[in-house]
Amino acid sequence: MSALALVGGLFALFIPTAARAEEFTLAVASNFTTPMQAIAAKFEARTGHKVNLASGSSGKLFAQIRHGAPFDAFFSADQVKPSRLVALELAKGSTLFTYANGTLVLWSSHADLVDGQGSVLNTGRYKKLAIANPRLAPYGIAAVEALQSLGIEQSSRARRVQGENISQTYQFVATGNADLGLVALSQLMRNGRLSRGSAWIVPQSLYRPIRQDAVILNRGVDSPALAEFWAFFSGPEVQEILASFGYTADFSPEKAEKAEKAEKAEKSHVE
Amino acid sequence: MLSDTDWGAIWLTLRLATTVTALLLLLGTPLALWLANTRSALRGPVSALVALPLVLPPTVLGFYLLIFMGPNGPMGQFTQALGLGTLPFTFWGLVIASLLYSLPFVVQPIQNAIESQGPRPAEVAATLRSSPWDTFWHVTLPLAKPGILTAAVLGFAHTVGEFGVVLMIGGNIPGETRVVSVQIYDHVEALEYTQAHWLSASMIVFSFAVLLSLYLLQQRKSAVGLRYGA
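Here the structure is a predicted model, which means the values were calculated and not measured.

Asks: Describe in detail the nonpolar core, supporting the description with residues and values.
Replies: Among the nonpolar cores identified, the biggest contains 104 residues, and Leu26, Phe32, Ile39, Phe75, Leu104, Phe229 and Phe233 of chain A are the most heavily contacted of them. By residue number, the principal contributor to this core is helix α5 (residues 91-117) of chain B, which donates twelve residues. For Phe75 of chain A, the contacting residues outside a window of four places in its chain are Leu26, Ala27, Val28, Ala29, Met36, Tyr99, Asp213, Ala214, Phe229, Trp230 and Phe233 of chain A. Of all hydrophobic cores here, the second largest spans 17 residues; its members include Ala63, Ala69, Phe74 and Val86 of chain A.

Dropping the structure here:
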């Protein structure tokens, strides 16, 4: 009798908590890892659910998802990869949304190299300009577009070095090996302030928006906790965190429509 | 199949691996000789330093090299004082990083080959009035030949396959620092899997051919040696 009561007691201990607190894993592009840690901590404190984060470059995460990585949702650094996962029927199109809008910054670790107009680019008084690889990183594409708009894409070429992703580009500048770099504002902002050096926020008119999309993967489709997280993301707490990292939020109301469009467009060139 | 940039990366990789292997044999052989013979208290610490790149993750090693060779690092200050500028993002920056990274793969086989000879051959040569220099060239080195060949193959292969360090201090500049491993990674990250497959396949075939021919050469040499000996 007492043994049965003990077993019953053990069940009582585990079952209700297991039913309430859930666990899920998010694959997060490296440039969004730090904000996501803050967001996940808030969400965990609020709901009691557990959020696991797996971070890496979007291309690497995409390849891992295609080969069965145990992720429930994907926060990419671009819009292409989530849409392609939808087209491959590995993700649910109706959950696709733009979670952040990146801002490009011309940055130097020297306190006085970059002025308020970014004219150092035109005077050419620098040795190395670091940008992210435009073939791989959305910030790299934006950097090349900005240089084109400024009319110095060609002339700056000889002095350009490329980071594989935006965090490596940041490293090149932070260690002083490149005196200038086009990096993400989110990398420089801590508690709403520039952490060090000098910077010029590149006007949004000089490059196409750097939109980052997220999508729920097949494995996470039935998770109520993940659905809760999706709702939580548009709330004021998350928006505040995003802003403090220099992201401008962009929640397109027509997300379902966008997903449908992406599905049609992508279906044609899937391997 | 292979694009022009792929070929550029292949050529650059071969240039890098050849340069690094040659320099490592030049620098690594005296170091191995010293390590094999010395009774100095420095033997332990130096051996540990040589083996360190085996343990450190390449990206970490690369990150510290970036600081060390950068404008504020000690080596960066030195190269700038010499009027050479800084080394990251240049071919010679890659060479130096690869030298460090591949060092244990060259020093250890040579050291083992010299140690396994024991003191006997050098002692015999000395009783025949051979100078230390002569003994090194005509006794120690020829006897250590298989170890040196192994060292060359490992040093070369390891430099060809190097990725993390190069990614960190290279800056991905075509013709200057974009080696094959980085080019393959680029293709994978850009979701261009077909090009990645082609380049990887050529790298595997090439590496296999180089390793096979060197091992066959080594085998035939030792077979010849045996015949003469018998």
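Asks: Got a sec to walk through the packing of helix α1 (residues 4-37) of chain B against helix α8 (residues 145-161) of chain B? Specific residues and values, please.
Replies: All names here are of chain B. At a closest axis distance of 9 Å, the pairing of α1 and α8 adopts a crossing angle of 145°. Note on packing geometry: the crossing formed by α1 with α8 is right-handed. Residues Thr13, Leu14, Leu16, Ala17, Thr18, Val20, Thr21 and Leu25 of α1 form the contact with α8, whose participating residues are Ile148, Ala152, Gly155, Phe156, Thr159 and Val160.

Asks: Talk me through the packing of aromatic side chains; I want residue IDs and the actual numbers.
Replies: All told, the structure shown has 23 aromatic pairs over all chains when counted by the stated rule. Relative to Phe89 of chain B, the ring of Phe172 of chain A lies with its centre 4.7 Å away and its plane at 80°, an arrangement referred to as edge-to-face. With Phe172 of chain A in helix α7 (residues 166-174) and Phe89 of chain B in the loop between α4 (74-81) and α5, this pair bridges two chains. Assigned by exposure class, Phe172 of chain A and Phe89 of chain B land together as buried. Summarising the aromatic geometry, the rings of Trp133 of chain B and Trp137 of chain B are spaced 6.0 Å apart at their centres and angled 80° between planes, so their arrangement reads as edge-to-face.

Asks: Help me get a handle on the sheet that holds strand β6 (residues 129-132) of chain A, residues and values and all.
Replies: Residue and element names in this part refer to chain A. Taken in spatial order, the five strands line up as β7-β6-β8-β5-β11 in an open sheet, and their pairing is mixed. In this open sheet, the two edge strands, each paired with only one partner strand, are β7 (160-163) and β11 (198-201). Adjacent strand axes in the sheet meet at a mean angle of 30°, parallel and antiparallel pairs treated alike. Here strand β5 (residues 104-108) pairs with β11 via four bridges, running antiparallel. Bridge pairing in β11 links Ser108 to Ser198.

Asks: Please set out the sheet that holds strand β4 (residues 91-102) of chain A residue by residue, giving values where relevant.
Replies: Backbone hydrogen bonds are what pair the strands of a sheet, in a parallel or an antiparallel way. Residues and elements named next belong to chain A. Reading across the sheet, the five strands line up as β2-β1-β3-β12-β4 and stay open at both edges, with mixed pairing between neighbours. With partners counted over all chains shown, the strands left at the sheet margins are β2 (50-56) and β4, one partner each. Sheet twist, expressed as the average angle between the axes of neighbouring strands with direction ignored, equals 20°. Strand direction decides the pairing type here: β4 and strand β12 (residues 210-217), joined by seven bridges, are antiparallel. For Ala100, the partnering residue across the bridge sits in β12 and is Gln212.

Asks: Give a detailed account of the UniProt feature "domain: ABC transmembrane type-1" (unreviewed entry) in chain B, specifying residues and quantitative values.
Replies: With numbering aligned to this structure, UniProt lists the feature "domain: ABC transmembrane type-1" (unreviewed entry) at residues 10-216 of chain B. With 80% helix and 0% strand, the stretch residues 10-216 of chain B has end C-alpha atoms that lie 24 Å from each other.

Asks: Describe in detail a nonpolar patch on the surface, supporting the description with residues and values.
Replies: Residue and element names in this part refer to chain B. Taken together, the side chains of Leu49, Leu52 and Leu56 define a hydrophobic patch exposed on the protein surface, amounting to about 260 Å² of accessible area. By the secondary structure assignment, Leu52 is in helix α2 (residues 43-55). Taking the relative accessible area as the measure of exposure, Leu52 reaches 40% and is therefore partly exposed.

Asks: Residue-level account of the side chain of Asn165 of chain A, with values.
Replies: Secondary-structure assignment places Asn165 of chain A in the loop between β7 and α7. A distance of 3.1 Å separates a polar atom in the side chain of Asn165 of chain A from a polar atom in the side chain of Glu164 of chain A.

Asks: Lay out the UniProt feature "transmembrane region" (unreviewed entry) in chain B in plain terms, naming residues and giving numbers.
Replies: Residue and element names in this part refer to chain B. The residues that UniProt annotates with the feature "transmembrane region" (unreviewed entry) are residues 12-36, 48-69, 89-107, 148-169 and 196-217. Secondary structure across residues 89-107 comprises 89% helix and 0% strand; the distance between its end C-alpha atoms is 27 Å. Measuring from the first to the last C-alpha atom of residues 148-169 gives 29 Å, for a span that is 91% helix and 0% strand.

About the cut-offs
- Residues numbered from 1 in each chain as written.
- Chains lettered and ligands numbered in written order.
- Predicted model: local features only at pLDDT ≥ 70, side-chain atom pairs only at ≥ 80, totals over all residues.
- Heavy atoms only, no water.
- Core = buried A, V, L, I, M, F, W, Y, C linked by side-chain atoms within 4.5 Å.
- Buried < 20%, exposed > 50% of the residue type's maximum accessible area, 1.4 Å probe, protein only.
- Helix = DSSP H or I, 4+ residues; strand = E, 2+ residues; numbered from the N terminus.
- Contact = heavy atoms within 4.5 Å.
- Axes fitted to C-alpha atoms, helices over the stretch in contact; angles between N-to-C directions.
- Left-handed = near helix turned anticlockwise from the far one by under 90°.
- Phe/Tyr/Trp six-rings, centres within 6.5 Å; stacked < 30°, edge-to-face > 60°.
- Pairing = 2+ DSSP bridges.
- UniProt positions renumbered as here; feature names shortened; annotations may be inferred.
- Patch = residues over 30% accessible without salt bridge, like charges linked within 9 Å, V, L, I, M, F, W, Y side chains within 5 Å.
- Areas by Shrake-Rupley, 256 points an atom, 1.4 Å probe, with all protein chains shown as cover.
- Salt bridge = Lys/Arg side-chain N within 4 Å of Asp/Glu carboxyl O.
- Polar contact = N/O pair within 3.5 Å; in protein donor to acceptor, adjacent residues only side chain to side chain.

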